[in-house]
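Here is how the chains run, residue by residue.
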Amino acid sequence: TSFQVSSKIGGKKGFNILVKYLNENMVGFYPDEDFVYLRKSDKSVLKPNNVVQDVRQKNAVFYEYDISSGTRLNNGTLKYALKPKNIAKSIDEFLKSFLKTESRNLSLSTLPNTIMSDYSSEICFGYQTQEIFSQVFQKICDNEISLMLDSPYIYAVEYADCIISAPIESSNYDIEDKTV
């Protein structure tokens with residue numbers, strides 16, 4: 001996906017004016033991109049060869065949950081995750097258009113805190129996702145883009161110029177033990 005700016009803030013021209021103004025006034029500005037999740041409305045990309053598959057080889061659905069109760073929200077918002085290899089491809093396209101803007105800062109809210117497995121015919125396990133995402137981070141840094149990462153896993157920290165929402169009580173790894 002290419003870098004797109006809403007016409008509500010003036011499109012790319014308005015974005016560049018905003019970035020220039022903020023830079024002149026020494027205000028850090030990191031536009032946020034979500035390269036991981038797609039909404040159900042993005043039907044053109046919800047083909048099995050584009051999104052992560054669960055163990056039944058069906059499109060894996062990611063639901064939103066109420067943090068305080070742990071219950072799934074019934075707001076109709078379904079999310080699907082792009083396959084890691086497709087995320088890497090979309091970064092290439094994104095960088096071509098993003099590098100044409102005035103901004104050299106980028107916030108990633110989902111990529112640094114996501115490790116997933118894909119059970120399609122081209123299986124991709126969590127450790128492989130981490131390797132792919134590390135290459136993505138490196139590619140962004142090679143283009144001299146300053147990265148703000150939200151709750152990154154430890155492997156992503158080395159690519160960050162700024163970290164937000166860093167957990168100080170937990171590694172954020174889910175560990176589930178059960179005996180049968």
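Up top you'll find the structure we're talking about.
These notes cover the structure that comes with them. It should be emphasised that the depicted structure is a prediction, and the values quoted were computed from it without experimental measurement.

On to the overall build of the chain. Tallying secondary structure elements over the chain gives three helices and seven strands in all. In sequence order, the secondary structure elements of the chain are arranged as α-β-β-β-β-α-β-α-β-β. Taking all 180 residues of the chain together, the buried fraction comes to 39%. By sequence separation, contacts in the chain at least 24 residues apart represent 61% of the contacts at least 6 residues apart. Element-wise, carbon and sulfur atoms account for 50% of the exposed surface of the chain, whose accessible area totals about 11,400 Å².

Our focus in this paragraph is the sheet that holds strand β4 (residues 79–81). Strands sit in the order β2-β4-β3 across an open sheet of three strands; the sheet is antiparallel. Taken across any chain shown, the strands that pair with only one partner, and hence form the sheet edges, are β2 (37–39) and β3 (61–62). Here β2 pairs with β4 via three bridges, running antiparallel. Counterpart to arginine 39 in the pairing with β4 is lysine 79.

The next point concerns unusual backbone geometry. Comment: phi is negative for the bulk of residues other than glycine, and the bulk of peptide bonds are trans. The phi dihedral of glutamine 57 falls on the positive side, at around 60°, and the residue is not glycine. Relative to the assigned elements, glutamine 57 resides in the loop between β2 and β3. The phi torsion at serine 151 lies on the positive side, around 50°, for a residue other than glycine. By the secondary structure assignment, serine 151 is in the loop between β6 (146–150) and β7 (162–164). Owing to a relative accessible area of 14%, serine 151 belongs among the buried residues under this scheme.

Looking now at the environment of leucine 73. Turning to its location among the elements, leucine 73 is positioned in the loop between β3 and β4. If we ignore the near neighbours within four places in the chain, the residues touching leucine 73 are Glu64, Tyr65 and Asp66.

Right, let's talk about the nonpolar core for a bit. Of all hydrophobic cores here, the largest spans 38 residues; its most connected members are Ile87, Leu108, Phe137 and Ile140. Mapped onto this core, the elements with two or more residues apiece are α1 (11–24), β2, β4, α2 (84–98), β5 (105–108), α3 (126–142) and β6. Other than its neighbours up to four places away in sequence, isoleucine 140 contacts Ile91, Leu95, Leu106, Leu108, Ile145 and Leu147.

Moving on: the sheet that holds β5. As summarised here, the arrangement of the four strands in space is β1-β5-β6-β7, forming an open sheet in which the pairing is parallel. At either end of the open sheet lies a strand with only one pairing partner, and these are β1 (32–33) and β7. Taken together, the four bridges between β5 and β6 define a ladder with parallel strand orientation. By the bridge assignment for β6, serine 107 is matched with methionine 148.

Definitions and cut-offs
Residues numbered from 1 in each chain as written. Predicted model: local features only at pLDDT ≥ 70, side-chain atom pairs only at ≥ 80, totals over all residues. Heavy atoms only, no water. Helix = DSSP H or I, 4+ residues; strand = E, 2+ residues; numbered from the N terminus. Buried < 20%, exposed > 50% of the residue type's maximum accessible area, 1.4 Å probe, protein only. Contact = heavy atoms within 4.5 Å. Areas by Shrake-Rupley, 256 points an atom, 1.4 Å probe, with all protein chains shown as cover. Pairing = 2+ DSSP bridges. Core = buried A, V, L, I, M, F, W, Y, C linked by side-chain atoms within 4.5 Å.

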